[in-house]
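Fold and geometry: a report
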Amino acid sequence: MTRVICCRLCTATRNMGLLCSRHQQFNQADTEENAQIKLLFQTGFDEAELKSYITVIHANVYQTIKLLYDGSKEFAQNEIDSSKYVVSVENKGIGEKLSEIGGGLDYPPLTKELAQEIEALWKDSAIQEICSHGNELQVPDCAHYFMANLQRLSDANYVPTKEDVLYARVRTTGVVEIQFSPVGENKKSGEVYRLYDVGGQRNERRKWIHLFEGVTAVIFCAALSEYDQTLFEDESKNRMMETKELFDWVLQQPCFEKTSFMLFLNKFDIFEKKVLNVPLNVCEWFKDYQPVSTGKQEIEHAYEFVKKKFEELYFQSTAPDRVDRVFKIYRTTALDQKLVKKTFKLVDETLRRRNLLEAGLL
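Numbers given for residues are sequential positions, taken from 1 along each chain in its written order. pLDDT decides what is reported in this predicted model: residues at 70 or higher carry local features, side-chain atom pairs at 80 or more are listed and counted, and totals for whole chains, interfaces and linings draw on all residues regardless. Computation of side-chain values covers all heavy atoms of the structure but excludes hydrogens and water.

Going by the annotation in an unreviewed UniProt entry, the name recorded for the chain is Guanine nucleotide-binding protein alpha subunit, with Rhododendron griersonianum given as the source organism. UniProt positions are given in the numbering used here, feature names are shortened, and annotations may be inferred rather than shown by experiment. Note on the chain: under the UniProt heading Sequence similarities (unreviewed entry), the record states "Belongs to the G-alpha family." The Subunit (unreviewed entry) comment attached to the chain in UniProt states, word for word, "G proteins are composed of 3 units; alpha, beta and gamma. The alpha chain contains the guanine nucleotide binding site."

What follows is the structure, encoded as structure tokens:
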């Protein structure tokens, strides 16, 4: 049985409770990789499991609208051109009501009436304007998706879809073990994997690094789209810079000296939309980046630049006696099920070939 550690940089606190201004960012944990594995390589979710996500999804909706409304008030008070952040008179009362709900510990079921109020506030020009400051407020990736589906989410007979589950933000902590077969349910046709999902957050690392002697591979997930965002733990620290430092730290751990590394450059779908509007060189690590084109060609150029930076870091951080370990980079979009399944099959093929080489069978 192959043992794999999956390390992802979760820069926000692992408690879905509080969120407000740009000085108390949205608390989220990126768990879509785990849900993808369950959907693609295990039994999937039955109806009861899908329904268990209703409260999580409704909480995500309330927390998001609170974040946006509170952000609009802060910007209206502090920005020079403040008028564009002022919510309309008819929506102000709705905003105060929803902000109070979003700040609580228990959330009411999302009814049709509440969904209509949330939708009215969401469509307010001030709220739409504040969305352009998503990197400062740390607006979650699920915001637009859930707001576009409010009426469905508030139906009395609502059962979450697989896509809803993938967008949901769930509290996670510690080390989570998942077993799956990258080639499908027929485990005889390939390796059975033990994947350990661990947090990259600073105070999480000491909990898991000692557990992984003999691990076959490390899958390191880095969010491409976070180059203009800051940490929850330290607002002065850029998320991509923290990712760089974490990747460097993991590479140099003695327990991984002969371990294969699979780098997933994730959230490419968000990255390709963002990079044409937010310069890549806002991140200190990418300060030498120079755009060369526009449109799709520029997106590819930016991606290849980031990829090269990670490649350089890998070889700089790898001792001469470790250069024979496998290192692969994959472009991923965690919400794209076909791409994730294809990527894991490639990982499976790579590791099985490595095992055969080490056994002298190739």
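What about the nonpolar core?
Put simply, a nonpolar core is a bunch of buried Ala, Val, Leu, Ile, Met, Phe, Trp, Tyr and Cys residues held in one set by side-chain atoms that sit within 4.5 Å of each other. Each residue is assigned to one of three classes by its accessible area relative to the maximum for its type, calculated with a 1.4 Å probe on protein chains only: buried under 20%, partly exposed between the two thresholds, exposed over 50%. In this structure, Leu98, Leu110, Ile118, Leu121 and Phe146 are the most contacted members of the largest nonpolar core, which totals 41 residues. Secondary structure elements follow DSSP: runs of H or I no shorter than four residues count as helices, runs of E no shorter than two count as strands, and numbering proceeds from the N terminus. Broken down by element, the residue count for this core peaks at 10 residues, all from helix 3 (residues 54-78). Should any heavy atoms of two residues lie within 4.5 Å, those residues are counted as being in contact. Once residues lying within four places of it in the same chain are set aside, the contact partners of Phe146 are Ile57, Asn60, Val61, Leu153, Asp164, Tyr167 and Ala168. Ranked by size, the runner-up nonpolar core spans 37 residues in total, among them Phe268, Leu280, Phe310 and Ile329.

So, the packing of helix 12 (residues 239-251) against helix 14 (residues 295-317)
Think of each axis as a best-fit line through the C-alpha atoms, taken over the contacting stretch in the case of a helix, with angles from 0 to 180 degrees between the N-to-C directions. Closest axis-to-axis distance for the helix 12/helix 14 pair is 9 Å, and the angle between their directions is 35°. Crossing geometry of helix 12 relative to helix 14 is assigned as right-handed. Two secondary-structure elements touch here, helix 12 through Met240, Thr243, Lys244, Phe247, Asp248 and Leu251 and helix 14 through Phe310, Leu313, Tyr314 and Ser317. For the contact of helix 12 with helix 14, a count of residues per class yields 6 nonpolar, 2 polar and 2 charged. Whether a crossing is left-handed or right-handed is set by the direction in which the near helix is turned from the far one by less than a right angle, anticlockwise for left-handed and clockwise for right-handed. Classification used: nonpolar for Ala, Val, Leu, Ile, Met, Phe, Trp, Tyr, Cys and Pro, charged for Asp, Glu, Lys and Arg, polar for all others including Gly.

Re helix 14
Between its terminal C-alpha atoms helix 14 stretches 34 Å, which fits the 33 Å expected from 23 residues at 1.5 Å a residue. Residues of helix 14 that are buried include every one of Glu298, Ile299, Ala302, Tyr303, Phe305, Val306, Lys309, Phe310, Leu313, Tyr314 and Ser317, and no others. Here the buried face of helix 14 lies against strand 4 (217-223), helix 12, strand 5 (260-266), helix 13 (268-274) and strand 6 (327-331). Helices are assigned an expected span. That span is 1.5 Å times one less than the residue count.

Overview of the side chain of Asn238
With respect to the helices and strands, the residue Asn238 is situated in the loop between strand 4 and helix 12. Accessibility expressed as a relative area gives 14% for Asn238, which makes it buried. For Asn238, the side chain forms a polar contact with the main-chain oxygen of Tyr227, separated by 2.7 Å. Side-chain atoms alone can form a polar contact between residues adjacent in sequence; in general such a contact is a pair of N or O atoms within 3.5 Å, and within protein one must be able to donate a hydrogen while the other accepts it. Of note is the side chain of Asn238, whose polar atom sits 2.7 Å from the backbone nitrogen of Met240. Those residues in contact with Asn238 that sit more than four places away from it in its chain are Glu226, Tyr227, Asp228, Gln229, Thr230 and Cys283.

Concerning helix 12
Look at helix 12: 18 Å from first C-alpha to last across 13 residues, which is about the 18 Å you get at 1.5 Å a residue. Residues of helix 12 that are buried: Arg239, Met240, Met241, Glu242, Thr243, Leu246, Phe247, Val250 and Leu251. Residue Asn238 occupies the N-cap position of helix 12, its side-chain oxygen lying 2.7 Å from the main-chain nitrogen of Met240.

Some details on the environment of Ile127
Within the secondary structure, Ile127 sits in helix 6 (residues 125-130). The class for Ile127 is buried, based on a relative accessible area of 0%. Residues Ile127 and Tyr69 lie 58 residues apart in sequence; the distance between their C-alpha atoms is 6.7 Å.

Examining the packing of aromatic side chains
Only Phe, Tyr and Trp rings are paired, with Trp represented by its six-membered ring, and only when their centres lie within 6.5 Å; those with planes under 30 degrees apart are stacked, over 60 edge-to-face, the remainder tilted. Inspection of every chain in the model, using the stated rule, returns 22 aromatic pairs. Between Phe264 and Tyr330, the ring centres sit 5.7 Å apart and the planes meet at 80°, which makes this aromatic pair edge-to-face. A residue pair is termed long-range when its members are at least 10 positions apart, and Phe264 in strand 5 and Tyr330 in strand 6 qualify at 66 residues. This pair shows no difference in class: Phe264 is buried, exactly as Tyr330 is. With a centroid separation of 6.2 Å and an interplanar angle of 35°, the aromatic rings of Phe268 and Phe271 are classed as tilted. In this pair, Phe268 and Phe271 both sit in helix 13, 3 residues apart, roughly one turn of the helix. Considered together, Phe268 and Phe271 belong to a single accessibility category, that of buried residues. Following the ring pairs from residue to residue traces out a cluster consisting of Phe220, Phe247, Phe256, Phe261, Trp285, Phe286, Tyr289, Phe305, Phe310, Tyr314, Phe315 and Phe327. Put simply, a charge is over a ring when the Lys NZ or the Arg CZ is close to the ring centre, within 6 Å, and near the line of the ring normal, within 35 degrees. Here the basic side chain of Lys274 rests over the ring of Tyr227, its NZ or CZ set 5.8 Å away from the ring centre. Across the ring face of Phe268, the terminal group of Arg331 is positioned such that the distance to the ring centre comes to 4.1 Å.

Examining the packing of helix 4 (residues 89-102) against helix 5 (residues 112-122)
Direction vectors running N to C along helix 4 and helix 5 enclose 115°, while the axes themselves pass 10 Å from each other. Crossing hand, helix 4 versus helix 5: left-handed. Contact with helix 4, carried on its side by Asn91, Ile94, Gly95, Lys97, Leu98 and Ile101, involves Leu114, Glu117, Ile118, Ala120 and Leu121 of helix 5 and no other residues of that element. Residue composition of the contact of helix 4 with helix 5, by class: 7 nonpolar, 2 polar and 2 charged.

Focus on the pattern of salt bridges
Each reported salt bridge corresponds to a side-chain nitrogen of Lys or Arg within 4 Å of a carboxyl oxygen of Asp or Glu. Enumeration according to the criterion identifies 16 salt bridges in this entry. Notably, a salt bridge pairs Asp228 with Lys274, separated by 2.7 Å at the nearest N-O pair. Note that Asp228 is positioned in the loop between strand 4 and helix 12 and Lys274 in helix 13, a separation of 46 residues in sequence. Residue Asp228 is classed as buried on the basis of its relative accessible area, which comes to 13%. For Lys274, a relative accessible area of 16% gives the class buried. One network of salt bridges, with partners in common, ties together Asp81, Lys84 and Glu129.

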